[in-house]
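A look at the structure
Chain by chain, the residues run as shown.
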Amino acid sequence: MPVIRGVSMEGNLDNSMGLEFYDLSHPFGLQKPNWPYFQDVQIERIHYMAKSGVLSQRITTSMHHTTHIDAPAHVIQGTPFMDEVPLPHFFGSGIVISIPKKQWEQIGYDDLEKAAGKLVRPRDVVIVNTGWHEKYEDSEEYFCLSPGFVKSAGDWFVEKKVKVVGHDTQANDHPLATAIGPHRNGPIHPHLAAEYKKWSGGRDWKDDFPDWEPVHRTLFSNGILGIENVGGEIDKVTGRRCTFAMFPWRWERGDGCIIRLVAIADPKGAYRIESGERF
């Protein structure tokens, strides 16, 4: 067992359960990458060792910071809040698939069908690795120039009866279908209009992305949750079927929640969830 700061603890890959745990989350903390129009995270030590002999901290944060899951109510009025989503939606079997993409490239129905059409099962968790997690930092490149899902991708997830969608990019939609582009409270970065026209060979971003967050709305209206900014050890489980756990806070009227997304494998098939028999 590893010794961490002088304390023996079970390891992610070496433990009494015989399970393998892979953390697919980016770290949370001070000055971590943040969506372009959110207030930065604030962390204060209310008590600390020299003062009180105990450590207690106060955090001010958006719940859409780092690796997090959206509640349907985040985008669609009148749909479930975080505390109203039943627990099975935060646990289950699924796959991590590789769909490498470059700047502003689209992920659509055909990409998903080619990568996972013969692999996905109804009620699966599907995590998409585009390679963009390697660019995760406080940068315009990660948040504004990333690839992303387009409407046909949302249709694919609904058709396959997927339970949860996760990905290593900044939003459940292409960035130019969000407020980063010409939608709702945007554009956050107006200069991207000219850059997109040059990149695309003369097309207007309003023509290529006419709808505001169509994938968010397709997923949420069909009871499919979305995990944004997946990272951590995602490469270690890409191309594998695993069990996933991603429980959020029981936050009343919550619009989303920072999570510790974990992929779990059972190489020996020896671990069993308890039957719940009485003692």
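Let me begin by describing the structure that accompanies this report. Just so we're clear, the structure is a prediction, and the values are computed from it rather than from any experiment.

1. Observations regarding the pairing of strand E7 (residues 91-98)
For E7 and strand E13 (residues 241-245), the ladder comprises five bridges, and the chain directions are antiparallel. Across the sheet, residue Phe-91 finds its bridge partner in E13, namely Ala-245. Where E7 meets strand E9 (residues 125-129), five bridges bridge the pair, whose relative direction is parallel. The residue of E9 that forms the bridge with Ile-97 is Val-128.

2. A closer look at the sheet that holds strand E15 (residues 262-265)
The mixed open sheet is built from nine strands, whose spatial order is E3-E15-E13-E7-E9-E11-E12-E6-E14. Among the strands making up the open sheet, the edge pair consists of strand E3 (20-23) and strand E14 (256-258). The mean angle between the axes of side-by-side strands here comes to 25 degrees, regardless of whether they run parallel or antiparallel. As paired elements, E9 and strand E11 (residues 164-167) share four bridges and run parallel to each other. What sits directly across from Ile-127, in E11, is Gly-166. Sheet strands touched by helix H2 (residues 109-116): E7 and E9. Its angle to E7, the strand with the most contacts, is close to 105 degrees. Each of strand E6 (68-70), E11 and strand E12 (225-228) is contacted by helix H7 (residues 214-221), which is oriented at about 135 degrees to E12, the strand it contacts most.

3. Quick notes on the packing of aromatic side chains
Applying the stated criterion across every chain, the model contains twelve aromatic pairs. Ring geometry for Trp-35 and Phe-38: centres 6.3 Å apart, planes at 45 degrees, overall tilted. Judged by its relative accessible area of 10%, Trp-35 falls in the buried class. The class for Phe-38 is partly exposed, based on a relative accessible area of 28%. Here Trp-104 and Trp-199 contribute two aromatic rings whose centre-to-centre distance is 5.5 Å and whose plane-to-plane angle is 80 degrees, an arrangement assigned as edge-to-face. With Trp-104 in the loop between E7 and strand E8 (106-107) and Trp-199 in helix H5 (residues 192-200), this pair connects stretches of sequence that are 95 residues apart. For Trp-104, a relative accessible area of 2% puts it in the buried group. Here a set of aromatic residues connected by ring pairs shows up, and it is made of Trp-104, Tyr-196, Trp-199 and Phe-209. Between Arg-45 and the ring centre of Tyr-48, over which it is positioned, the NZ or CZ distance is 4.5 Å.

4. Section: the environment of Glu-274
Assignment of secondary structure puts Glu-274 in the segment after E15. Exposure remark for Glu-274: the relative accessible area of 71% places this residue in the exposed category. Counting along the chain gives 170 residues from Glu-274 to Trp-104, while the straight-line C-alpha distance between them is 46 Å.

5. Some points on the pattern of salt bridges
All chains considered together, the criterion is met by ten salt bridges. Where Arg-58 meets Glu-44, a salt bridge forms, and the shortest distance between an N and an O atom there is 3.2 Å. In this pair, Arg-58 sits in strand E5 (residues 56-60) while Glu-44 sits in strand E4 (residues 42-47), placing the two residues 14 residues apart along the sequence. With its nearest N and O atoms 3.2 Å apart, the salt bridge here joins Lys-101 to Asp-111. Remark: Asp-111 occurs in helix H2 and Lys-101 occurs in the loop between E7 and E8; sequence separation between them is ten residues. Judged by relative accessible area, which is 24%, Asp-111 ranks as partly exposed.

6. With respect to the side chain of His-65
Along the chain, His-65 turns up in the loop between E5 and E6. According to the relative accessible area criterion, His-65 is buried, its value standing at 0%. A polar contact is formed between the side chain of His-65 and the side chain of Asn-34, at a distance of 3.2 Å. Beyond its immediate stretch of four places on either side in the chain, His-65 contacts Phe-28, Gly-29, Lys-32, Pro-33, Asn-34, Val-41 and Ile-258.

About the thresholds
Residues numbered from 1 in each chain as written. Predicted model: local features only at pLDDT ≥ 70, side-chain atom pairs only at ≥ 80, totals over all residues. Heavy atoms only, no water. Pairing = 2+ DSSP bridges. Helix = DSSP H or I, 4+ residues; strand = E, 2+ residues; numbered from the N terminus. Axes fitted to C-alpha atoms, helices over the stretch in contact; angles between N-to-C directions. Contact = heavy atoms within 4.5 Å. Phe/Tyr/Trp six-rings, centres within 6.5 Å; stacked < 30°, edge-to-face > 60°. Buried < 20%, exposed > 50% of the residue type's maximum accessible area, 1.4 Å probe, protein only. Lys NZ or Arg CZ within 6 Å of the ring centre and 35° of its normal. Salt bridge = Lys/Arg side-chain N within 4 Å of Asp/Glu carboxyl O. Polar contact = N/O pair within 3.5 Å; in protein donor to acceptor, adjacent residues only side chain to side chain.

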